[in-house]
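# Secondary and tertiary structure notes
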Amino acid sequence: MLSGLIALAGGCVRYKPSWQGEVQWPDERSSSTVLSFTEAGAAVAAAGALREVVRTNPHPQLFQGCSSPEQGLDVAVFKGPTVGLYYVAVEQRFSRCGGPNGRVLDWWQVYAVTPQGEVVAKAPRTPDAPMEVQPSTEEDSISSPAPPTEEPISSPPREAPPAEKAPSE
């Protein structure tokens, strides 16, 4: 009976936030936008990818000097060919933690994540096996435009030119 009472009392524990201290709300002069309004699913997807990076981190000293692992990371969220998924790129930004920005050579991760924050796949590229990069010249990067961010608008179909008549013999 005592164990039942202990188990029941455990469910009545009051939530204690991790933040300690007074919250000072920003005004027009003291605020700066870090992320403008975006789809909520994109924000949750970014959080899911960050949790995955922290959970699977193989480098014990990677987040040294950071108040939290998230302080040393940047994210970009984009959509791709699979409807219902966000693609989240996570890059190192450890200059905010003190010390060098790049702590692992050529490190970044990309995850496919649901709007609920569930990581469903990791891009095949890993820091230990970088993608093969074709050598590019400055001319190539100047002459080739960036890929479109939205679906291109298709032009109206053109009529085929009239067929030439073959000379009769």
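Keep in mind the model is a prediction, meaning the values are calculated, not measured. (Residues numbered from 1 in each chain as written. Predicted model: local features only at pLDDT ≥ 70, side-chain atom pairs only at ≥ 80, totals over all residues. Heavy atoms only, no water.)

This part takes up the overall build of the chain. On a plain count of helices and strands, the chain comes out with three helices and four strands. Helices and strands in the chain line up, N terminus first, as α-α-β-β-β-β-α. For the chain, buried positions account for 20% of its 169 residues. When contacts within the chain are restricted to residue pairs at least 6 apart in sequence, long-range pairs at least 24 apart make up 44% of them. (Helix = DSSP H or I, 4+ residues; strand = E, 2+ residues; numbered from the N terminus. Buried < 20%, exposed > 50% of the residue type's maximum accessible area, 1.4 Å probe, protein only. Contact = heavy atoms within 4.5 Å.)

To continue, consider the environment of Thr56. Considering the arrangement of structural elements, one finds Thr56 in the loop between α2 (40-55) and β1 (73-79). Note on Thr56: relative accessible area 37%, which makes it partly exposed.

Once that is clear, we can look at α2. Each α-helix winds once per 3.6 residues, and so residues spaced three or four apart point in a common direction. With 16 residues, α2 should reach 22 Å at 1.5 Å per residue; the first-to-last C-alpha distance of 23 Å fits that figure. Within α2 the residues assigned to the buried category are Gly41, Ala42, Ala45, Ala46, Gly48, Ala49, Leu50, Glu52 and Val53. The secondary structure elements touched by the buried residues of α2 are β1, β2 (86-92), β3 (108-113) and β4 (119-122). (Expected span 1.5 Å × (residues − 1).)

Turning our eyes to something else, we now look at the packing of aromatic side chains. Enumeration according to the criterion identifies two aromatic pairs in this entry. Measuring from ring centre to ring centre gives 5.9 Å for Phe78 and Tyr87, while their planes differ by 20 degrees; the resulting arrangement is stacked. Using a relative accessible area of 38% as the deciding quantity, one classes Phe78 as partly exposed. (Phe/Tyr/Trp six-rings, centres within 6.5 Å; stacked < 30°, edge-to-face > 60°.)

Turning next to the pairing of β1. Bridge count between β1 and β2: seven bridges; the pairing is antiparallel. Paired with Val75 across the bridge in β2 is Val90. Hairpin connection, β1 to β2: the antiparallel pair is bridged by six residues, and Gly84 has positive phi, about 95 degrees. (Pairing = 2+ DSSP bridges.)

Among the surface-exposed residues, Trp19, Val23 and Trp25 lie close enough to one another that they form a single nonpolar patch of about 460 Å² accessible area. Looking at where Trp25 falls in the secondary structure, it is placed in the loop between α1 (2-10) and α2. (Patch = residues over 30% accessible without salt bridge, like charges linked within 9 Å, V, L, I, M, F, W, Y side chains within 5 Å. Areas by Shrake-Rupley, 256 points an atom, 1.4 Å probe, with all protein chains shown as cover. Salt bridge = Lys/Arg side-chain N within 4 Å of Asp/Glu carboxyl O.)

Before going further, it helps to examine the state of the cysteines. Counted under the stated rule, the structure contains one disulfide. Cys66 shares a disulfide with Cys97; S-S distance 1.9 Å. Judged by the sign of its S-S torsion, about 95 degrees, the bond between Cys66 and Cys97 is right-handed. On the criterion of sequence distance, the pair formed by Cys66 in the loop between α2 and β1 and Cys97 in the loop between β2 and β3 is long-range, its members being 31 residues apart. (Disulfide = S-S within 2.5 Å.)

What follows covers the sheet that holds β2. Strand order in the open sheet formed by four strands is β1-β2-β3-β4, and the pairing between neighbours is antiparallel. The sheet terminates laterally at β1 and β4, the two strands that pair on one side only. The sheet shows a mean angle of 30 degrees between the axes of neighbouring strands, taken without regard to direction. The strands that α2 touches are β1, β2, β3 and β4; relative to β2, the one it contacts most, it runs at about 50 degrees. (Axes fitted to C-alpha atoms, helices over the stretch in contact; angles between N-to-C directions.)

So, on to the confidence of the model for the chain. Mean pLDDT over the chain: 74, with 63% of residues reaching 70 or higher. Looking across the chain, the model is least confident in helix α3 (residues 138-143), with a mean pLDDT of 38, and most confident in β4, with 96. Counting interchain partners and residues more than four positions distant, the pLDDT-below-50 stretch residues 127-164 has seven contacts. (pLDDT = per-residue confidence, 0-100.)

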